[in-house]
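# A structural walkthrough
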Amino acid sequence: MLLLVFCLLLAAGAIIAKKEKQVAEAQKLAQSLREEARKLDEENKRLLAQLNAMAKAATGRNLPDQEWRELVLAKDAIETITKAGLSVEEVVKKVPVTKVLSQNDVDVDQAKAMIEHMKVLKEFGYVGTAKTSKDLSDALKKADEPAAAAKHDWPPIISLSELDGYNFDTGSAELSDRFRTRLRDLSKTIAGIATSYGVDVIEVIGHTDEQAMSGQSSNMDKGLQPVLARKVEVGTLHPADNAGLGLARAISVTSILRDMPELKGFTILPMSGGQLILPGDHLTDGAQAGDVKARRRIEIRVRQRSRETDLAPAGGPKS
């Protein structure tokens, strides 16, 4: 028994000695770190004194420690921005967008995916038009295909077809109340597309089917300008053919869009495709006669103004 106790005491003594040695080494290391910290603090004070001397020579006053810390942080931030391939000006411009993304818990990868999806939706005309959920699902699938990313990012064409409930009365260019309401709702989408593509012209193109008009005499030549100047209503126009009817309907839509605050600053031009252009931008061969709702439509396109041909009217200044 005494021998066992003796062995236990020896083991305990060895453990204690080892712990004491570790404590001594830790104390020595702590002392060394304190000494190093003291040297660093002295070096910082020396450098700060030099910087203050330089600043005083340049500005005539000492800069407080807080200002130096802010200058150092600003320098580090600028270096980080530069390494990311941006300029400070670009970062400032992107701050509002970054704030919105942050407030909605959207990270960079999610934002990129959303942008790619929206590009495809725009390209295939799924923005601002009545489409089924399956159509939208198919379009979003295309956004994830490598081929979709390789396609040119053209502005979409917004088609307001009778198939989707954008109706005029037969032979008339007057808008129903429902049509007017839907146009007001659509104005934000049009403005968003025009702004995102950096364009300044919105074209409103009226298309018809190939049913012949009644042959009444036209007052379009004399009546267009008073309607565009809003001196008389569009209902006073009496087109005698499909080309005139397409233009009258485009003018009717244009008159509503020009009143939308979202579209202020854009040039909105009414045009007519008459019965010549089929959906999908194909010229008719004249064999598609009859009542075809898909052909009776308004198309809205956006583009950049052609600066090279921006000529003033005869006798007047450039507009």
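Quick notes on the rules
Residues numbered from 1 in each chain as written. Predicted model: local features only at pLDDT ≥ 70, side-chain atom pairs only at ≥ 80, totals over all residues. Heavy atoms only, no water. Axes fitted to C-alpha atoms, helices over the stretch in contact; angles between N-to-C directions. Helix = DSSP H or I, 4+ residues; strand = E, 2+ residues; numbered from the N terminus. Parallel < 35°, antiparallel > 145°, perpendicular 65-115°, else oblique. Contact = heavy atoms within 4.5 Å. Nonpolar A, V, L, I, M, F, W, Y, C, P; charged D, E, K, R; others polar. Salt bridge = Lys/Arg side-chain N within 4 Å of Asp/Glu carboxyl O. Polar contact = N/O pair within 3.5 Å; in protein donor to acceptor, adjacent residues only side chain to side chain. Left-handed = near helix turned anticlockwise from the far one by under 90°. Buried < 20%, exposed > 50% of the residue type's maximum accessible area, 1.4 Å probe, protein only. Arc of directions from axis to C-beta.

## Focus on the packing of helix α8 (residues 220-228) against helix α9 (residues 242-257)
Direction vectors running N to C along α8 and α9 enclose 10 degrees, while the axes themselves pass 11 Å from each other. It follows that α8 is roughly parallel to α9 by the angle criterion. Across from M220, L224, V227 and L228 in α8, the residues of α9 making contact are G244, L247, A248 and I251. Per-class residue counts for the contact of α8 with α9 are 7 nonpolar, 1 polar and no charged.

## Re the pattern of salt bridges
Oppositely charged side chains can form a pair if their charged atoms are brought close together. Evaluated as defined, the whole model comprises 12 salt bridges. Measuring nitrogen to oxygen at the nearest pair gives 2.2 Å for the salt bridge that ties R38 to E35. Of this pair, R38 and E35 both sit in helix α1 (residues 2-59), 3 residues apart, roughly one helical turn. The residue E203 makes a salt bridge to R303 at a minimum N-O spacing of 2.4 Å.

## Overview of the side chain of R296
By the secondary structure assignment, R296 is in the loop between β5 (282-283) and β6 (297-303). Among the polar contacts made by the side chain of R296, one reaches the side chain of D209 at a distance of 2.5 Å. Within the local environment of R296, its side chain forms a polar contact with the side chain of D291, the two groups lying 2.6 Å apart. The contacts of R296, once residues within four sequence positions are left out, are L160, S161, E162, H207, T208, D209, Q211, R249 and D291.

## Examining the packing of helix α7 (residues 177-196) against α9
Two elements in contact, α7 and α9, have axes whose closest approach is 10 Å; the angle formed by their N-to-C orientations is 65 degrees. Like other packed secondary-structure pairs, α7 and α9 cross with a definite hand, here right-handed. Of the residues in α9, those in contact with F179, R180, L183 and I190 of α7 are V253, I256 and L257. Of the residues assigned to the contact of α7 with α9, the class counts are 6 nonpolar, no polar and 1 charged.

## Remarks on α8
Residues of α8 that are buried: M220, G223, L224 and V227. Across the axial projection of α8, the buried residues extend over an arc of 115 degrees, all falling on one side. Of the exposed residues in α8, the ones pointing more than 90 degrees away from its buried face are D221, K222 and Q225. Packed against the buried residues of α8 are α9. Downstream of α8 by a residue or two, R230 has a phi angle that is positive, lying close to 65 degrees.

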